[in-house]
Structures are given as C-alpha cells and as structure tokens.
Amino acid sequence: MLTKFETKSNRVKGLSFHSKRPWILASLHSGVIQLWDYRMGTLIDRFDEHDGPVRGVHFHKSQPLFVSGGDDYKIKVWNYKTCRCLFTLLGHLDYIRTVQFHHEQAWIVSASDDQTIRIWNWQSRTCISVLTGHNHYVMCASFHPKEDLVVSASLDQTVRVWDISALKKKTASPGDDMLRLSQMNTDLFGGVDAVVKYVLEGHDRGVNWVAFHPTLPLIVSGADDRQVKLWRMNDTKAWEVDTLRGHMNNVSCVMFLAKQDIIASNSEDKSIRVWDATKRTGIQTFRREHDRFWILAAHPEMNLLAAGHDSGMIVFKLERERPAFAVSGNALFYTKDRFLRFYGFSSQKDTQVIPIRRPGSTSLNQSPRTLSYSPTENAVLICSDVDGGSYELYVIPKDSIARGDSVPDAKRGSGVSAVFVARNRFAVLDRSSNQVLVKNLKNEIVKKGQLPLPADAIFYAGTGNLLCRSEDRVYIFDLQQRLVLGDLQTPFVKYIVWSNDMESIALLSKHAIIIANKKLVHQCTLHETIRVKSGAWDENGVFIYTTLNHIKYCLPNGDSGIIRTLDVPIYITKVSENSIFCLDRDGKNRVIIIDATEYMFKLSLLKKRYDRVMSMIRNSQLCGQAMIAYLQQKGFPEVALHFVKDERTRFNLALESGNIQIAVASAKEIDEKDHWYRLGVEALRQGNAGIVEYAYQRTKNFERLSFLYLITGNMDKMTKMLKIAEVKNDVMGQFHNALYLGDVRERVKIMENAGHLPLAYITASVHGLEDAVERLAGELGEDIPSLPKGKVPSVLIPPRPVICGADWPLLRVMRGIFEGGLDAAGKGGEEEVEGIDGDWGEELDMVDVNGFDNGDVTAILEDGEVGEEENEEGGWDLEDLELPAELETPQVSTNTRSTVFVAPTPGMPVNQIWIQKSSLAGEHAAAGHFDTAMRLLKRQLGIQNFDPLRPLFLDLLTGSHSYLRAFSSVPVLSLAVERGWSESSSPNVRGPPALICSFSQLEEKLRDGYRSTTAGKFSEALRIFTSILHTIPLIVVESRREVDEIKELIIIVKEYVLGLQMELKRREMKDNPIRQQELAAYFTHLNLQLAHQRLALLNAMTVCFKAKNLATAGNFARRLLESNPANENQAKTARQVLQASERNNNNVCELNYDYRNPFVVCGATYVPIYQGQRYATCPYCTSRFVPTQDGRVCTVCDLAVVGADASGLLCSRSQIR
C-alpha cells in the first residue's frame, strides 16, 4: 500500500472521490461532512447540517453537487460551489445507509433501515420509485454503471438485483393523455416500474455491501459471515461463482478494481484485503493496529483508493504507476506491459525491444522499479521488488530494437539495487552485509567492497563511482579507492538526476529538491507542498521538474517558478529547448511544448547576459506583478520600470533606481503630498536642489523651503519667503526667515508688532540700533529691561554656505546597463542592436537635472490657495506686492544628452566583505561581528563560556580599524586596516583584516611561561599559559604547517595548565598529606619539558619521602636518575632516596596512584583515569575528564563544554581550500 494522504477525525462512514478534481468527501459518525484536497493535504470545507451520523455520501459526475444521507432520515443535496444545502428529500422512515447519483439520469438511489430502496428525481425533488422486498435493514444500494439495474444488500442475508428499465421508459416524455393517465394510475396504486430480477442467497449472515463489476456480468458481496462472495448473472439467472475466505470479522465493504482485475475488501477485523479476481486467491493484506474499517471508495478514473476507519481515512494506491526508464543520449529505454521499449527523441518513434518475462507473482508492486542501461554493451539491468529485491540482466541483440521479437535469456540475481558502473561492470547492493558486489556481464562477482555507511539504495555517479543513499544522507563512494568523495545530509531521497555534463545533481525527495555539484557540495534546496514526481536538466543548467499538478523550474541560485499546470502527473525524461519529453502513467510518450521565456530571462539576468535580456524585453510579452517584484528583489528596478504602466508603481521603481526624471513625471500625474515629499527626499540625497525646491513648492512646505534656501545661500528667495510668511500672518515663520536672513531690523519689527516690546528693545540694544532703542524706550517708559553688566554681546548672524545658489555636487553615475537599450526599444526598433560590445541603441534625449528652471516661490501667492486657506485674511491686497510671474513647472532641456540619473547603490562595508567568505572566528571578531564569531567558535570548538574572550574580541576590533577626524561637525571616520596591504595592491580587492594576535607572539609567550615555571612562579606561569589557550581560537595563520604547529601548541599548553593547577592546589592543602602526595605524583606524568619534568620528579620524591612513603619516593628517584640530570645535587639526592627505599621498600599510607597502569589525569577532579575506563573530552584543548563532568565547562581552558560536538579548530584559509 502506498499511502498518499491520511486524516485524523471521527469514524468515517462514507467516502466519495470527485471525478476531475483532487477532492474527496468523507462523511463522519459525528454528523459532519468533510471536503478534503488529498493532493494538497488540506481541508477545503465542512458541512454539518445533518443531525446524527452521516453514512452515505456521493459526488455527482458532472454537476457541482453531492448528496448525503444520514441517521436523521434525511437525504440532502448540496452545491459545493455555494457551500450550502440546496434541498432535503424526505420519505425514508429510518437511518439512511447509502446514497448514489445515477451516471446519466437525474436520479438518486438510497438504501435505508426502513427495509426499502428509494429512487428520487433530484431535479423535480420527488421520489419516483420505492423498491420493497427486503425484510431487514437495506445496507447498500447502487446503480449499474451501464445497464438499467440496481443491486442491493440487506441484513436479511440476500442480495437483490432490480430491473429499472420500466422506470427509465416512464420518465421519458409521454406522448399523449392516455399515457399520462396510465402513469397517474400507476403512481397512485403502485406499478411495476422496478422489479426484482434476481435474489442471490448464499450468505449465512446479513450482507453489508454489494457491487457490480464495471464491464463484466459479475457481482461481489461481503457479509457478516466474514465471507466475500462472487456471483455471475445472465439474462435469466444469477448464481454463486466462488467464496473468498480470510477475513476474521464482518466484511463491511467490497468492490471490483477492473483495471488491475482485482477485488478489494475491508472489514471490522482492521484489515484491507486484496484478492485476485480470476484466480480468486488473496494477494495482499494491509492491517491497522486499532481501527476497524467501514467503507472503501475507488477513484472513477485514477489508480486511487480510499478507506474509512474508526479514527479517520486513508487515500492510497495499491501499485506504483511510475514506469522504470533510463535515458541514454538521444534514446529512452522504458518498461511497459512486460516489454522493454525504445523511444527515439529525435525521430519520436516508439518500438518494442524485448519481452521481459516474469514468473507469476502472488503480491502487488512487482513491476520494474529501476532501469539501468549500458550503451556500449547494449545491456539493460531491471530491478524490481520480486523476492524481496532482485535484478534481471538482459543483453539486447543488435537487431532486436528493430524487430522486438527475440527473447534473450535473462541473468537474475538478488539485490535491492543494481546499476551499471562501467562499460561491462555493474554494482549490486547487498543490504544484509552492507556490501557492494561488482559483477561482469556473465553475472559473476568480480569484486566485493564494504560500504563505510549503511545504505539502502545505490545510484550511478560516474564511472567507478556510486551514489549511496541512507535514511538522512547521501554519499559518493569510489569503488576503486574505497573512499567517500563527498556526502550531504538530505531528506530521504527517492530519485536522482544528473546534468548532461555530470557537473550537477538534483536529489529528489517527497517534498524537496536539493541541488548540489558533483562533489555533493550543497547549492540550494527547494521545498514543495505537493509531492515532487520527476525532473530533468535542460542544456542551460536549469532544472525542470514536475509535481503532481505543475511543471516548474529551478535556477542555479535556487529561484523557482511555475511553467505550466498539469491535468495528470507526468514523468519527465528529457528537456530540449522548449520541448519536454515525458512518460505518462499509462507508459505513453508525450511531448509538451512549454514557454521558456520567463526562466530564460531570469537565467540571463543571473548570468549577466544582458544582450539576451535586452533582446527578450524587446521581443516578448514578459509582464505581471510577479516579474516586476522579481526584478525589484534582484536589484534591477530600471528593467522593471520598462514593463510598468501604473504611475504609482513607476514612481516607486524610479525612486529605487534613482531615475529622478521619471519620478518627477509620475509625481505630477499622481500629484499627492506623500509622493512629492518622497521625491524631495530622493532629490536631496542626489544633491539636486532644483527638484527638492520644486517638490517643496508643490506641497507648500514653507518651513523646508526656507531651510533649503538657507543652506543653498539663496538670499533673494529667502526674502520672498519672509514676505509670504507676512501675507500668511505666520509670526514664527516671519521670525525664522528674518533670523536666517540675519535681518535684525526685521526681527525687531516682528517682535514689536507681536507686542513683545522688551524683547524688541533688548534685540535693538544688543545690535546697536540706537534709533529703535530710543523709540522703544519711549514706549516702555519705566518698564525698560536691564541688560546684564560686564557682558560683551555676541551677534547672531547666520553662516555663509559653502556653495551658493546652484545644485550641490551631484552624484554623477554612468547610465545603467539597460537604460540606453530600453529607451531605444521604446522607439519602435528603428535601429538594430549592435553586438554586446557596441553602442546600446540610440539614447533618448534625457531630462537634464541642471535644466530645471524652478518657478518663483512668490507665485504661490497668486494661485489663490493662500486666500482659500486663510479666509479671514481676505482684506489683503495681494496685487500690490508686485511679485514675479506665476509658478511654472521646471523646464527640461530637450537637446541635452545626460548620464546623470542612475544613483549608485551604497557599497558594501569593508567589515561585511571580510566576513562574507570567511569561516575564521578571528576575522569575524575583527570585523565587529561578535555574534557570528561566537557561533563559529561554538560550532568549531564547542566554546560556550565567552567571558575570557571578551577583551580579546574588543582588542581585535579596535586593532583592525583606524579612526580619522575630518571636520569638527562630522562624525569620526572609521578606516579598515587590512592584513598584508601594500601600495601596489588593487584598490578594488579587499584584503583580510589586520589582526593583533600572531603565532610569533604566542611562541614568545610560551617561552615566558617556561621561564616562569623554571623560576617557580607558578601563578604567573599559569596566567601566561591560560592566556595562550584563550588567544588560539582567534588566531589566523597562513600555511598548513603553522596550523599543525598551533594544534601542537594547544597540547603543550594544556599539559602545563593542568600541571600548574594541580601544583597550586597541592600547595593549598597543608592538612592533607595523602592528597598532596597524589597531586605531586600526577604532575610527574604530564608531558612537560625535560627540565620541568625533572623538577616535578624531584618535588614528588621530596613530598613522598617526607611522608615516609619510601617505595613511591624510590620510584620517582629512579625515574629522575633515568633522565640523566645535569645538576649533580639532584642526582645525589635521588641516589640517597633510592638507597633508603631499597632498604625499606614500603609505604606508610596508600595512595590513589598506580604508576604501572597508564593513565591520564581528570582536568576537574584531578584523579587518574586508567586505560580502559570511560572518559569525556574537551573538544578544544582535548583534556580528559571523568564522565560526570560531561556537559560542564572545561576547567583547563575555561572555554569549551566537555563532551560537546565540534568540527575542529579552523585558523587558516588553507584549511578551507
């Protein structure tokens, strides 16, 4: 059973497939009817007007209707488009068991527990016949698919076949009144419009289900006697043919599946059984753990079944429909109807090659699963699931393709997967031993190879290579070298497709497509909600694939889209230009013509083939919101602009591409305040003061205009802005403009008019306006404000702008790559496009940004809008101001060629470039990306405690940047310092960051640590060695040799840190002599420099000798003498201790120390871990720990988590290459 869809719900009592759409109706015991899309796996709708269980449901063949019958005695007819019940048919007096539409007439047949069968006309909404005769519940009734018959099953242990041909004649329009009268009498007194043709007796218990064969005169029934019976009928009689036994409980439903010549039945014994209809034997059984089955439904056209059970339903297939095929050059080999067939893509001829004889099998799914072809030897390998997995090898005679009549002998063998790996060699996977057997064409084993990882299937991956599949990964295995060449973690892969040049591979799983290169380096992943069925590469490197209902494409960068929809699933065999060759589920070759424009356009953009892009824009009808959104997303708004007519979209795209002229034109058409404001912002960014001014004028934004005139130094217009503020009676506006102008008298006048005489007096006094001071003093009288004494006033005069009047230095950028071409395209193709290197078409005369002749701001006064806004100012005589003429739109130059409209996109910051292709944590930290540096360290070395690294991170950041102060009014400029920079370096190529840590510094620190250890400054030495351990994760070196030295340095430093920690701990433990001796003893087993090793041995010998542990002290003395100490005093002391221990070779106290058994010291508890004992390891410094320390931070390096997974130290770009 191949399960396609499964639901969880109440008990499912009725099921019906839609004939065209991927829908299924499920009626539940709870009274709800669910409408599911089994292809998408989604619930489309639910209908819950029935009161109590709904036992029967059925879709109409052609109308948007379905019918349902329930325990509320009601039959309801629904329209699924309007999602409502159209009407209810009443008449049954008990539960309704089944309902069904007639395939031609407007009839519904229903079976009920009231012991009757009713036939209804759903157009007239009346009952047209009642079939009586059963004397118990009628469990099922259905129309014959072709003849005028109804079959019914009842708990009275009988099956009845009813002839309704008279009913069909009766419903035809009667010719005259006499016929109408006789029909009326028949309706009143009961007639013979439906008669019992046969009563089939043979079941010992009640019959639950009965069904006609679609084409043959056969009936199948299932009953509570646990039997399935097969009946045959002719014109005069019906009789029992056979009984199928096997179910262990009541058989609830049974039906013929004519295509495969089988019978399917399900039962309350929690099983579905499949029977051979001709041999009448069981083929297969599918069981559920806890759910009884109640109903079966078959799709009217497709190979799909559905079964309803206690907790939902399943939609499934009994057999795979995908034909086995292999493409070789311009030919296709595939299997169909037990024949191997050949199809030529160029000739489009289909020929039969050889018959594939297979012994009769007792189970389903025995058809060929995969096919592999060797073109040089003309040999075919066919794999199937026969006998748990087997293969057949056929060598096709040369002339056989033309004739197709010879039957070559097949060489058979067992194996779940078999595939050609060379001209005359094929590989077979033996799953039991996880071995690959390489065989020759005589089916003899040539070589055996053990696979490094468990595999359940093998595929071809180039000569001598296999792609092996396990549950969660695939890997390429070289059979000759027995090496894994690459591996990739994936969902469960069902099929693989190699590109024509074998450089790329597509791995197809149920709901995903993974694209990788030939070494299985991941490139992109696509996820699909609908099942992926097949795929093939086209000649441009685009992967074309199919789902159940679409043909789609996938570009090399992972972008995908729909090419067209499908009515039925297909299996792509080859893609050639705009033709897709495919096999359908019936094994027929089809050619589908597609429009490849969209994906070729996107591919050309991706590959920067701008000549093709230009050509396609001119010659095709590419358009639509999706294409515009794609071009915007990929950074080509100027191309998107060519497709768009909507002004708002054009405006947005023009702003995005920096095309200020089109933005101005669109803003005029839209004429909304928000759009003018956004235009002003973009023009300001480009430094185009003329357009900024125009945008502010259109929106009457006087405050921004005033400030614009201030910073551009346009004092004439500033004066006019002052007058406008005066006209509008805007006191604050007047004051601001006067302030910007530096006009003190005007400020005094404004404050005086506003009634602020003291402020006016102070302003006049400070600026030395004696005449105004005297006049204001007279008005103030005694209320003259006093000025602070001893203060020298400073005059507030506005600064002079650097550039006056004109635009600022514009962002001058060359025209976009498409602009000239698109403009030329707009001319109707007057000129032909030259080659790529030629001129990109004739340029349109562009609007010159410097040609804007902005209208005078005072014209705003004359358009009447101020008067409308300020009605109370109607007494102002605006004509007396004698202001310049009315505002006009800035004029554009018509003869100027300009290249000044594509604004540059901001470049990528250097620190972003540094981390773009770097996996080195030190470089990420130097770039200031601490979060990614920490993620890298966690992944590579298992580091979790970053506190010790914080100062190093900050030092790296500051050390790789320099800071420059330009002007006092601008922020400090940050400059990136690059490693290995020289004056000859290219300015466009960025080097990696300069790092403050280097390997030579670490070597110097190591020497300092050695010196401190020798001098007995253990705390100082420990600090030095720990700082080395903390620096190494962020170090960057150039060569592989230095990488090896760094790894060696970690081991050396780790030993010293552990030893010094133990020695310092020992010195703290004055009151525990046993522990002191143990720690001194462990210190001697660390990998130290010879001089330090001798000192450790001398130290341990002294401690043990003083504690009267002479045997242990003698061992240390012996080891010290074996090291040939240069210091005579050390040697003399050791000899004396050795002599003493030989005289009295025993220990006063027992130590946890056995020098005969090799051990390492736990970095946290300082106890020995002897050989063979379990331990945990720090992924960074490799210190070992007792298992209880697993998951804790390592006490040696104080960085990594003990036992964490880590990929290993990465400190050089040479490791990545």
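Scroll up a little and you will see the structure.
Keep in mind the model is a prediction, meaning the values are calculated, not measured.

A. A look at the overall build of the protein chain. Across its full length, the protein chain carries 32 helices and 61 strands. Across the 1217 residues in the protein chain, those meeting the buried criterion constitute 52%. Expressed as a percentage of contacts within the protein chain between residues at least 6 apart in sequence, the contacts between residues at least 24 apart total 49%. Accessible surface, the protein chain: about 58400 Å² in total, of which carbon and sulfur atoms supply 49%.

B. Main features of the sheet that holds strand β10 (residues 96–101). Across the sheet, four strands lie side by side as β10-β11-β12-β13; this open sheet has antiparallel pairing. The sheet is open, and its two edges are formed by β10 and β13 (126–132), each paired on a single side. Strand-to-strand twist across the sheet, computed as the mean angle between neighbouring axes with direction ignored, equals 20 degrees.

C. The sheet that holds strand β32 (residues 350–355), seen in detail. Spatially, β29-β30-β31-β32 is the arrangement adopted by the four strands of the open sheet, whose pairing is antiparallel. Since the sheet does not close on itself, it has two edges, and those belong to β29 (325–328) and β32, each with one partner. Adjacent strand axes in the sheet meet at a mean angle of 25 degrees, parallel and antiparallel pairs treated alike. Both strand β30 (residues 331–336) and strand β31 (residues 339–344) contribute to a ladder of six bridges, which runs antiparallel. Bridging across to β31, Thr 335 finds its partner in Leu 340.

D. Up close: the pairing of strand β39 (residues 435–440). Burial within β39 is extensive, with six of its six residues counted as buried. By the alternation rule, side chains of β39 split into Gln 435, Leu 437 and Lys 439 and Val 436, Val 438 and Asn 440, which are all buried. Sheet analysis places strand β38 (residues 425–430) next to β39, joined by six bridges and oriented antiparallel. What sits directly across from Phe 426, in β39, is Lys 439. In this antiparallel pair of consecutive strands, β38 and β39, the connection spans four residues, and Asn 434 shows a positive phi of 55 degrees. Pairing between β39 and strand β40 (residues 445–450): five bridges, direction antiparallel. Across the sheet, residue Val 438 finds its bridge partner in β40, namely Lys 447. The loop that links β39 with its antiparallel partner β40 comprises four residues; one of these, Asn 443, has a positive phi angle of about 65 degrees.

E. Up close: the packing of aromatic side chains. A full pass over the atoms with the stated rule returns 31 aromatic pairs. With a centroid separation of 6.1 Å and an interplanar angle of 85 degrees, the aromatic rings of Phe 101 and Trp 122 are classed as edge-to-face. Within this pair, whereas Phe 101 is found in strand β10, its partner Trp 122 is found in the loop between β12 (116–121) and β13, the two being separated by 21 residues in sequence. Like Trp 122, Phe 101 is buried. Here the aromatic rings of Tyr 1153 and Tyr 1155 are separated by 6.3 Å at their centres, their planes lie at 40 degrees, and the arrangement is tilted. Classification of Tyr 1153 as buried rests on a relative accessible area of 12%. On the basis of relative accessible area, Tyr 1155 is assigned to the partly exposed category, the value being 35%. An aromatic cluster is defined as three or more aromatic residues linked by ring pairs; in this entry it consists of Trp 23, Phe 47, Phe 59, Phe 66, Trp 78 and Tyr 80. The side chain of Lys 13 reaches across the aromatic face of Trp 294, ending 3.9 Å from its centre. Over the face of the ring belonging to Tyr 495 we find Arg 322, whose NZ or CZ atom lies 3.7 Å from the ring centre.

F. Up close: the environment of Lys 1054. For Lys 1054, the location among the structural elements is in helix α27 (residues 1040–1068). What makes Lys 1054 buried here is its relative accessible area of 10%. For the pair Lys 1054 and Gly 1163, spaced 109 residues apart in the sequence, the C-alpha separation amounts to 9.7 Å. Lys 1054 has contacts with Cys 1181, Thr 1182, Ser 1183 and Val 1196, leaving out every residue within four places of it along the chain.

G. Summary view of a nonpolar patch on the surface. A cluster of nonpolar side chains, contributed by Leu 964, Leu 973 and Leu 975, occupies part of the molecular surface with about 250 Å² of accessible area. The residue Leu 964 is located in strand β56 (residues 961–964) in this model.

H. Local environment of the packing of helix α29 (residues 1090–1106) against helix α31 (residues 1128–1143). Contact geometry of α29 with α31 gives a least axis separation of 11 Å together with a crossing angle of 40 degrees. With respect to each other, α29 and α31 are oriented oblique. For the pair α29 and α31, the sense of crossing is left-handed. From α29, Arg 1094, Leu 1095, Leu 1098, Met 1101 and Phe 1105 reach across to α31, where they touch Gln 1130, Thr 1133, Ala 1134, Val 1137 and Ala 1140. Residue composition of the contact of α29 with α31, grouped by class: seven nonpolar, two polar and one charged.

How each quantity is defined
Residues numbered from 1 in each chain as written. Predicted model: local features only at pLDDT ≥ 70, side-chain atom pairs only at ≥ 80, totals over all residues. Heavy atoms only, no water. Helix = DSSP H or I, 4+ residues; strand = E, 2+ residues; numbered from the N terminus. Buried < 20%, exposed > 50% of the residue type's maximum accessible area, 1.4 Å probe, protein only. Contact = heavy atoms within 4.5 Å. Areas by Shrake-Rupley, 256 points an atom, 1.4 Å probe, with all protein chains shown as cover. Pairing = 2+ DSSP bridges. Axes fitted to C-alpha atoms, helices over the stretch in contact; angles between N-to-C directions. Phe/Tyr/Trp six-rings, centres within 6.5 Å; stacked < 30°, edge-to-face > 60°. Lys NZ or Arg CZ within 6 Å of the ring centre and 35° of its normal. Patch = residues over 30% accessible without salt bridge, like charges linked within 9 Å, V, L, I, M, F, W, Y side chains within 5 Å. Salt bridge = Lys/Arg side-chain N within 4 Å of Asp/Glu carboxyl O. Parallel < 35°, antiparallel > 145°, perpendicular 65-115°, else oblique. Left-handed = near helix turned anticlockwise from the far one by under 90°. Nonpolar A, V, L, I, M, F, W, Y, C, P; charged D, E, K, R; others polar.

Shape descriptors only; they carry no functional weight alone.
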